[in-house]
Amino acid sequence: MKTLLRNRELSAFLAILALFVVLVALNHSYFSLQTLSMIFSSAQILILLAMGAALVMLTRNIDVSVGSTLGLCAIAVGVALNNGYSLPLAMLFALGIGALCGFFNGVLVVGLRIPAIVATLGTLGLYRGGMLLWTGGKWIEGLPASLKSLSEPLAFGISPLGVMVLALLAVGAWALSKTAFGRDFYAVGDNLAAARQLGVAVNRTRLLAFTFNGMLAALGGILFASQIGFVPNQTGSGLEMKAIAACVLGGISLLGGTGTLIGAFLGAFFLTQIDTVLVLFKLPAWWNDFIAGLVLLGVLVLDGRLRQALARHQRALKYSRFVPGNAGAKNVTPFPRRKSKKEVA
């Protein structure tokens, strides 16, 4: 139990396996590489958003505008392609807009010292409104085949954009765990004052977290346009909450300084797996958010209870070392017994 608490990635992985076992037990035909690749394909957008949200949450902040950023960047790549720009230029244009959106969020939080939840709630409406003004509320259609081909499966059912997602996950996980640059994110979220004393560029790290988050949301927008083939005027609505939920399920702490990108990946995969299972069993779509929310609340409540039990157990072990007669107790001198008045006399 202690291992599961300390390694939330393992907990999320076991939850994924358990859901697969239930799925296969109900229908053996679902045990296939095709089912796995289908779930991964459906999870790619949420994985990108969860990775970006994880970077921000590691610095003890939160960004609820990524859904709007994704929609705005999906519009950007679609408009650029329909205006005759090449695919690489259109993708760079969308990435630039995503970076600017993330950087602007960072300036509000770091520069103007506005609480992150308040600042990004404001930009959520701002980016959503900008998206609708840009398109006049219309859908972006007629996207070229070159964009759609990026989501066509290659080896093992994984598309070129799917390979990109896995590559970004590997590079990001390595950078956070093995480089000083990555460890700065943990230091800032764990103890801001101590990070400053250690010479960590606190403001720069938080700005980069928001900027990277915006760029990953932009990649999610490109991926969305590639998979769907058009861009509705409500693209990205509600995805910010799913991204945060995926991070929490994967062990990213809302208090900062704890978690990994692998955990965010597993949390996003698990949430998408739930949606896929509901689709396979032909349940109504409105059950998706209800069941996903129920699972998240259950995980949070169980995790909180288990952590409290573990903390009590650790405190009991700590104090038992100072109780004479206990196994493993230290050599301590008990307090002298107070003499009674008769003994004093």
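Keep in mind that this is a model prediction, so the values were computed, not measured.

Engineer: Give me the lowdown on the packing of aromatic side chains, citing residues and values where you can.
Structural biologist: One pass over the full model with this rule turns up four aromatic pairs. With a centroid separation of 5.5 Å and an interplanar angle of 0°, the aromatic rings of Trp139 and Phe230 are classed as stacked. Residue Trp139 is found in the loop between α6 (116-135) and α7 (145-148), and its partner Phe230 is found in the loop between α11 (202-228) and α12 (239-249); the two are separated by 91 residues along the sequence. According to the relative accessible area criterion, Trp139 is partly exposed, its value standing at 45%. The class for Phe230 is partly exposed, based on a relative accessible area of 29%. Consider the rings of Phe181 and Phe185, whose centres lie 5.5 Å apart with planes at 85°: the pair is edge-to-face. Remark: Phe185 and Phe181 occur in helix α9 (residues 180-190); sequence separation between them is four residues, near one turn of the helix. Overall, the relative accessible area of 1% leaves Phe185 in the buried class.

Engineer: Any details on α11? Residues and values, ideally.
Structural biologist: Spanning 27 residues, α11 covers 39 Å between terminal C-alpha atoms, matching the ideal 39 Å at 1.5 Å per step. Of all 27 residues in α11, 19 are buried, a share of seventy percent or more.

Engineer: Just give me the short version of the nonpolar core, but keep the residues and values in it.
Structural biologist: By size, the foremost hydrophobic cluster in this structure holds 88 residues, and its most contacted members are Ile47, Val77, Leu147 and Cys247. The element contributing the most residues to this core is helix α3 (residues 33-58), with 16 residues. In this view, Val77 contacts Ala90, Met91, Ala94, Ile222 and Ala225; residues no more than four positions away in its chain are not counted.

Engineer: Quick one: what's the story with unusual backbone geometry, residue by residue and with numbers?
Structural biologist: Not every positive phi belongs to a glycine, and Arg60 is a case in point at roughly 65°. Relative to the assigned elements, Arg60 resides in the loop between α3 and α4 (66-82). In this structure, Arg113 takes a positive phi of about 60° despite not being glycine. Secondary-structure assignment places Arg113 in the loop between α5 (87-111) and α6.

Engineer: Before we move on, could you go through the packing of α3 against α12 and cite the residues and values that matter?
Structural biologist: Where α3 contacts α12, the two axes come as close as 8 Å, and the packing angle between them is 70°. Considered as vectors, α3 and α12 are oriented roughly perpendicular to each other. Our pair here, α3 against α12, has a crossing hand that is right-handed. Every residue of α12 that contacts α3 at Ile45, Leu46, Leu49, Ala50, Ala53, Ala54 and Met57 is listed here: Leu239, Lys242, Ala243, Ala246, Cys247 and Val248. Among the residues forming the contact of α3 with α12, the class breakdown is twelve nonpolar, no polar and one charged.

Engineer: Residue-level account of a nonpolar patch on the surface, with values.
Structural biologist: Side chains of Val22, Leu26, Phe281, Leu283, Trp286, Trp287, Phe290 and Leu294 sit close together on the surface and give an oily, nonpolar patch of about 870 Å² of accessible area. Looking at the nonpolar patch, the elements that each hand over two or more residues are α2 (8-26) and α14 (287-320). Element by element, the count of residues in the nonpolar patch is highest for α14, at three residues. Position of Leu283 among the secondary structure elements: in the loop between α13 (261-280) and α14.

Engineer: Can you break down the layout of surface pockets residue by residue, with the values?
Structural biologist: A volume near 520 Å³ is recorded for the largest pocket. What lines the largest pocket is a set of 18 residues, among which Ser42, Leu239, Lys242, Thr272 and Asp275 lie closest to the centre. At five residues, α13 tops the list of elements feeding residues into the lining of the largest pocket.

Engineer: How would you explain α4 if you had to name every residue and give the values?
Structural biologist: A rise of 1.5 Å per residue sets the reference length of α4, with its 17 residues, at 24 Å; its end C-alpha atoms lie 24 Å apart and thus fit the reference within 8%. Along α4, 16 of the 17 residues are buried, which leaves the element largely enclosed by surrounding structure. Count one or two residues on from α4 and you reach Gly84, which has phi positive near 95°.

Engineer: Break down the side chain of Thr35 for me, with residues and values.
Structural biologist: Residue position: Thr35 is located in helix α3. Excluding residues that lie within four positions of it along the chain, Thr35 makes contacts with Leu23 and Tyr30.

Engineer: Give me the lowdown on the packing of α3 against α11, citing residues and values where you can.
Structural biologist: The N-to-C vectors of α3 and α11 enclose an angle of 170°; their axes lie 7 Å apart at closest approach. It follows from the interaxial angle that α3 and α11 lie roughly antiparallel. Between α3, through Ser41, Gln44, Ile45, Leu48, Leu49, Met51, Gly52, Ala53, Leu55 and Val56, and α11, the contact on the second element is made entirely by Ala209, Phe210, Phe212, Asn213, Leu216, Ala217, Leu219, Gly220, Leu223, Phe224 and Gln227. Residues of the contact of α3 with α11, tallied by class, amount to 15 nonpolar, six polar and no charged.

Engineer: Outline the side chain of Arg128, listing residues and values.
Structural biologist: The topology assignment puts Arg128 in helix α6. One buried charge, Arg128, has no salt-bridge partner; the nearest side chain with opposite charge is Glu240, at 5.5 Å. With sequence-adjacent residues up to four places away left out, Arg128 is seen in contact with Gly67, Ser68, Asn233, Gln234, Thr235, Gly236 and Ser237.

Engineer: Give a description of the state of the cysteines that names residues and reports values.
Structural biologist: By the definition in use, this model includes zero disulfides. This cysteine, Cys101, is not joined by any disulfide, and Cys73 carries the nearest cysteine sulfur, 5.6 Å off.

Thresholds, definitions, all that
- Residues numbered from 1 in each chain as written.
- Predicted model: local features only at pLDDT ≥ 70, side-chain atom pairs only at ≥ 80, totals over all residues.
- Heavy atoms only, no water.
- Phe/Tyr/Trp six-rings, centres within 6.5 Å; stacked < 30°, edge-to-face > 60°.
- Helix = DSSP H or I, 4+ residues; strand = E, 2+ residues; numbered from the N terminus.
- Buried < 20%, exposed > 50% of the residue type's maximum accessible area, 1.4 Å probe, protein only.
- Expected span 1.5 Å × (residues − 1).
- Core = buried A, V, L, I, M, F, W, Y, C linked by side-chain atoms within 4.5 Å.
- Contact = heavy atoms within 4.5 Å.
- Axes fitted to C-alpha atoms, helices over the stretch in contact; angles between N-to-C directions.
- Parallel < 35°, antiparallel > 145°, perpendicular 65-115°, else oblique.
- Left-handed = near helix turned anticlockwise from the far one by under 90°.
- Nonpolar A, V, L, I, M, F, W, Y, C, P; charged D, E, K, R; others polar.
- Patch = residues over 30% accessible without salt bridge, like charges linked within 9 Å, V, L, I, M, F, W, Y side chains within 5 Å.
- Areas by Shrake-Rupley, 256 points an atom, 1.4 Å probe, with all protein chains shown as cover.
- Salt bridge = Lys/Arg side-chain N within 4 Å of Asp/Glu carboxyl O.
- 1 Å grid on protein atoms, 1.4 Å probe; cavity = no way out; pocket = protein on both sides within 12 Å on 5 of 7 lines; lining within 4 Å.
- Points joined across faces, edges and corners; volume = space filled by probe spheres on them.
- Lys, Arg positive; Asp, Glu negative; His and termini not counted.
- Disulfide = S-S within 2.5 Å.

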